[in-house]
Each structure stands twice: as C-alpha cells, then as structure tokens.
Amino acid sequence: MRDPRRSGGFSARRGNRSGDLEFWKLRARTYNRLQWAQQSSCLRAFVRAGGFRKGDVVLDVGTGTGIVAHAVAPMVAEVIGLDKSQDMLAHSNWRGNKYFIRRDIRTPIFADGVFDKVTARMVFHHILEGTQEAMNECHRVLKPGGLMVFSEGIPPCAEVKPDYEEIFRHKEKRLTFMEGDLVRLMRRAGFRNIRVRIHWMRRMSVRNWLENSGLPPSVQRTIFLLHEEARPAFRRAYRLMHVRGDCLIDMKMAILTGEKEAGVVSDGPPRKSARFRRALRRSEP
Ligand SMILES: C[S@@+](CC[C@H](N)C(=O)[O-])C[C@H]1O[C@@H](n2cnc3c(N)ncnc32)[C@H](O)[C@@H]1O
C-alpha cells in the first residue's frame, strides 16, 4: 500500500540545486530589510502560537538569517537554526543559546524525538520536491507531545490564486498553498490537534518587497506592473492602495500548530508478560 506520509500531492518541479543556492546568495544581502520578514505583529503572532517555555529545545527549520530563532531564543533553553544556504546563515549571528547549522531538512541529521518544538516560517513553499518528506522529518525529530509551528503566506482567497501564481511565476519556482493544503501536509505527517490561525499583515509595501528581493530590475518592474494594473477582484482581495508611487497590499499569513501524539513513553526495557514469566518459572531448575 502507498504510504500517505510519502506523497504530499504537490506539483514536483525539478529545481537546480546549485542554482537554488545562488538564488539565496542574492536574496541574503538584503533579506533583513524586507518589511514582511521583520514585521513585529506577524512575528509576535507566530511566537505566541508556539507557547514557548523556559526548558524548550527548539529546531527552527529554514531559519535563514535567524529572525524567528532570535525572537524565540529569550523564551527557551536552546534554539538550533537549520538552513541549507550558507549565505543566509552568514547573517544569522551565533550568540548565547542559539546555534546554526547548514543542512537540508530532507537529509536527516537528528535522532528521533529530540526537540520540544519545531518552527518553520515561510520555508515550505520553497521545498518543491520531497515536501511531504520534509514535514515528516519535522514530525520525527519532535518529542512525543511536542509542537510544530508552521507558517506560510497564502493567497487571500481562491478567486485570486491564479493572479498570485502569475506574480510569483516571475519571481521564483515555488509551491502555492491554500489553507487546506497546509493542514493536509501536517495531518499526513502524523500531527494531531491541528489549528490554523490567520494573521493579516496590513499595508505592506510592494516596492520594499521587490527592492529587497534580489531580482533583476526588469523583473521587479514586471511584478510591480502586475500589481499596478491588477484586475478589480485582485485589488479588492488585497485591499490594494496606491500611495506615493508604491502599492500597499494586505498579506495573508496562515500560522498552523500541530502536536505529535504523546504515545507510550518507554521507561526502560520492555516488561515481560505474565505468560513469559510463567514460562520462565517452569523452565527454572
Ligand atoms: C523565505 S526564507 C525564511 C527565513 C526565516 N524562516 C524567516 O521567517 O525569516 C526561506 C529559507 O528556507 C531555506 N530553505 C529552503 N529550503 C530548505 C530546505 N530544504 N532545508 C533547509 N532550509 C531550506 C532557504 O535557504 C531560506 O533561508
């Protein structure tokens, strides 16, 4: 039988691995200037969903420049930020209870059940292949009873999903998720008590996003025009406003949490059954 944990059901477009790292090299330089990445209300909503505690050991998957890792670190025992791009990690600033490692989440490195919490903000849309396996890995490394906090930007409604895809087609190869896709991804990995919270980032600058995207100016212009000349349904869904040569839009973020089942905690070698003990007594001299 097909293992549902192995198939995410997302389109698998083949990505060029080294090309992918080049992409992050370009983005790394200005990533920390991105308004959405630094927006405090979004970061707070994400951190609040995690319910972090002093003793928690946390894995931040796709940590990038460490924005989530830095926000979580004062609340917990330790944070390990994991990212496949050395260029993004170069901006992450190792200090105190934060450690950073260069690794692809799809290549296992940790033992089973070592983390209290796993976080992943705006990472999974970049995992074009093995998306489900990556989520399964987040589940595997969590302790029984542990929590996954997972966030993605999504189209504001199904009606404008094609516009969203058209805009991002110019920017990068990526997956477009709707809320249901994110829930399915977690459920298939084995998460329980999955909860979705929606957070709107209001009046976000399209110019800021493009200017700090690492994209060539011609592509930035194309994407800006797609906003400026967007159809009415798009304008309404994004509450698009023209302000001093910029377009301001509302961005929809889905923040999901899911628990790894507590299961049976092993407290030493398996206990011998009554039948086994009786058989043992009979065989004793
Ligand atoms: C948009 S950035 C998000 C960074 C950070 N989580 C934040 O919220 O600011 C996505 C990051 O995911 C990393 N990434 C993408 N695919 C990955 C994978 N398979 N394993 C580890 N990191 C990955 C990229 O290198 C990049 O740094």
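Figured I'd write up the structure that's included with this text. Model, not experiment: these values are computed from the prediction.

What to know about the overall build of the chain
So, point 1. What the chain contains, in helices and strands, is 12 helices and eight strands.
So, point 2. By residue count, 33% of the 285 residues in the chain fall in the buried class.
So, point 3. The long-range share in the chain, meaning contacts at least 24 apart out of those at least 6 apart in sequence, stands at 73%.

A look at the packing of helix 6 (residues 131-141) against helix 8 (residues 179-189)
So, point 1. The N-to-C vectors of helix 6 and helix 8 enclose an angle of 55 degrees; their axes lie 8 Å apart at closest approach. By the angle class used here, helix 6 and helix 8 are oblique. Judged by the twist between their axes, the crossing of helix 6 over helix 8 is right-handed. Residues Thr 131, Gln 132, Met 135, Asn 136, Cys 138 and His 139 of helix 6 pack against Leu 185, Met 186, Arg 188 and Ala 189 of helix 8.
So, point 2. Tallied by class, residues from the contact of helix 6 with helix 8 come to five nonpolar, four polar and one charged.

Examining the site of the ligand
So, point 1. Neighbouring the ligand are 21 residues, the closest being Gly 62, Gly 64, Ser 85, Met 88 and Arg 121.
So, point 2. Listed by contribution, the elements that provide at least two residues to the shell around the ligand are helix 4 (67-72) and strand 2 (78-83).
So, point 3. For the shell around the ligand, the residue count by class is 11 nonpolar, five polar and five charged.

Section: the environment of Val 196
So, point 1. Note on placement: Val 196 falls in strand 6 (residues 192-205).
So, point 2. Taking the C-beta count within 10 Å as the criterion, Val 196 has 16 such neighbours and is therefore assigned partly exposed.
So, point 3. Put simply, Val 196 and Ser 151 are 45 residues apart on the chain and 9.4 Å apart in space, counted from C-alpha to C-alpha.
So, point 4. When near neighbours in sequence (up to four residues on either side) are disregarded, Val 196 contacts Glu 179, Val 183, Ala 254 and Leu 256.

Details of the pairing of strand 2
So, point 1. With five of its six residues buried, strand 2 lies for the most part within the structure.
So, point 2. Pairing geometry for strand 1 (residues 57-61) and strand 2, over five bridges, is parallel. Within strand 2, the residue paired with Val 57 across the bridge is Glu 78.
So, point 3. Following the chain from strand 1 across helix 4 to the adjacent parallel strand 2, one finds a crossover that is right-handed.

Here's the deal with the environment of Ala 158
So, point 1. Within the secondary structure, Ala 158 sits in the loop between strand 5 (142-154) and helix 7 (161-171).
So, point 2. When the 10 C-beta atoms within 10 Å are taken as the criterion, Ala 158 is described as exposed.
So, point 3. Separated by 79 residues in the primary sequence, Ala 158 and Ala 237 have C-alpha atoms spaced 9.9 Å apart.

So, unusual backbone geometry
So, point 1. In this structure, Asn 193 is a non-glycine residue whose phi angle is positive, near 50 degrees.
So, point 2. Relative to the helices and strands, Asn 193 resides in strand 6.
So, point 3. Positive phi outside glycine occurs at Arg 244, with the angle close to 40 degrees.
So, point 4. In this fold, Arg 244 is placed in the loop between strand 7 (241-243) and strand 8 (246-259).
So, point 5. With 6 C-beta atoms packed within 10 Å, Arg 244 lands in the exposed category.

A word on the environment of Leu 215
So, point 1. Residue placement: Leu 215 occurs in the loop between helix 9 (206-211) and helix 10 (217-228).
So, point 2. Judged by the 20 C-beta atoms lying within 10 Å of it, Leu 215 falls in the buried class.
So, point 3. The spatial distance from the C-alpha of Leu 215 to the C-alpha of Lys 171 is 7.2 Å, given a sequence separation of 44 residues.
So, point 4. When neighbours within four sequence positions are excluded, Leu 215 is seen to be in contact with Lys 171, Leu 210 and Gln 220.

What counts, and at which threshold
Residues numbered from 1 in each chain as written. Predicted model: local features only at pLDDT ≥ 70, side-chain atom pairs only at ≥ 80, totals over all residues. Helix = DSSP H or I, 4+ residues; strand = E, 2+ residues; numbered from the N terminus. Buried ≥ 20, exposed ≤ 12 C-beta atoms within 10 Å, placed from the backbone. Contact = placed C-beta atoms within 7 Å. Axes fitted to C-alpha atoms, helices over the stretch in contact; angles between N-to-C directions. Parallel < 35°, antiparallel > 145°, perpendicular 65-115°, else oblique. Left-handed = near helix turned anticlockwise from the far one by under 90°. Nonpolar A, V, L, I, M, F, W, Y, C, P; charged D, E, K, R; others polar. Near = placed C-beta within 6 Å. Pairing = 2+ DSSP bridges. Right-handed = clockwise from strand over helix to strand, strands pointing away.

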